[in-house]
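Here are the chains, one letter per residue:
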Amino acid sequence: GENVEQHPSTLSVQEGDSAVIKCTYSDSASNYFPWYKQELGKGPQLIIDIRSNVGEKKDQRIAVTLNKTAKHFSLHITETQPEDSAVYFCAVGAGANSKLTFGKGITLSVRP
Amino acid sequence: NAGVTQTPKFQVLKTGQSMTLQCAQDMNHNSMYWYRQDPGMGLRLIYYSASEGTTDKGEVPNGYNVSRLNKREFSLRLESAAPSQTSVYFCASSDRGGGWNQPQHFGDGTRLSIL
């Protein structure tokens, strides 16, 4: 089955700095790559996703890049703010009838 | 505009008791999912329903049953609760179509403790 790993497991950055979280996957047939943000006591919330026919996608301070050859994709957050502090999960899917496989999550802390 | 609603939010059970976790979505989505979240384990799929009338096992189905009551509602049942089922349970839903995975929308979870 699909194996999804996130690196690093924790990340602490200074407010205003950039944060990069990397996710690797094993199944070359995977074609859907979402990122979720989970705040304390809440459910995961989709923040950005990318499909395999696109190499990069941006939404304001957030971007995702995909390297299909190396089988990894990364979440980039610029100008970090304290409200960006949360747990971030990557996930991988392989098509309309497939399930998502989630990484174990990374805790991002933004220091004021 | 509720999205995905889960009830109850918290529950404490004794070993051997049974319980049903309820989930309803108002986005007219075809697919619904049940996950459990344990510290350091991420989200693991228990069961899912690709469309009304169908259910399939996920990664960790043992000890659970599900019912897709109608297009809106998908329930998760623990027939005889065990301490290993202490977890946070999340329900999610997604649309189908276009040949791709569609974004999953999550509820805020049910925090279940089994003593």
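Whatever comes next refers back to the structure up there.
Being a predicted model, the structure only gives us computed values, none of them experimental. Counting starts from 1 at the beginning of each chain's written sequence and moves along it residue by residue. Naming scheme: in the order in which they are written, chains are lettered from A and ligands are numbered from 1. Only residues with pLDDT of 70 or above have their local features reported here, since the model is predicted, and side-chain atom pairs are shown and tallied only from 80 upward, although totals for entire chains, interfaces and linings are computed over all residues. Side-chain measures were taken over the full set of non-hydrogen atoms in the model, leaving aside hydrogen atoms and water.

Participant: Is there a simple way to think about the sheet that holds strand β8 (residues 74–78) of chain B in this case?
Facilitator: Backbone-to-backbone hydrogen bonds pair the strands of a sheet. The strands run either parallel or antiparallel. All names here are of chain B. Taken in spatial order, the four strands make up an open sheet running β1-β3-β8-β7, and their pairing is antiparallel. Among the strands making up the open sheet, the edge pair consists of β1 (4–7) and β7 (64–68). Each adjacent strand pair in this sheet contributes to an overall mean axis angle of 20°, direction not counted. Strand pairing requires that DSSP identify at least two bridges connecting the strands. Note on conventions: DSSP H or I runs of at least 4 residues are helices, E runs of at least 2 residues are strands, and numbering of each starts at the N terminus. Fitted lines through C-alpha atoms serve as axes, helices being fitted only where they are in contact, and the angles separating the N-to-C directions of these axes extend from 0 to 180 degrees.

Participant: Would you explain the interface of chain A and chain B in this entry?
Facilitator: It is common to give the size of an interface as the accessible area lost on bringing the parts into contact. Residue-level contacts link 25 residues of chain A with 21 residues of chain B. Buried area between chain A and chain B, summed over both chains or domains, comes out near 1900 Å², and the portion from carbon and sulfur atoms is 54%. As used here, buried area is the combined drop in accessible area, with a 1.4 Å probe, of two parts when they are placed together. The largest contributions to the chain A side of the interface with chain B come from Arg 51, Lys 99 and Phe 102 of chain A, which together make up 26% of the buried area. Think of a salt bridge as a Lys or Arg side-chain nitrogen and an Asp or Glu carboxyl oxygen that are within 4 Å of each other. Where chain A meets chain B, there are one salt bridge. Note on contacts: a residue pair qualifies if any of its non-hydrogen atoms lie within 4.5 Å across the two residues.

Participant: Looking at this structure, how should I read the environment of Met 41 of chain B?
Facilitator: Relative to the elements of secondary structure, Met 41 of chain B occurs in the loop between β4 (31–38) and β5 (42–49). Separated by 27 residues in sequence, Met 41 of chain B and Arg 68 of chain B place their C-alpha atoms 26 Å apart.

Participant: Sorry, what's going on with the sheet that holds strand β8 (residues 72–77) of chain A here?
Facilitator: Residues and elements named next belong to chain A. One open sheet accounts for five strands, arranged β1-β3-β8-β7-β6; its pairing is antiparallel. Of all strands in the sheet, those with a lone pairing partner are β1 (4–7) and β6 (56–59), marking the two edges. On average, adjacent strands in this sheet sit at an angle of 15° to one another, irrespective of strand direction.

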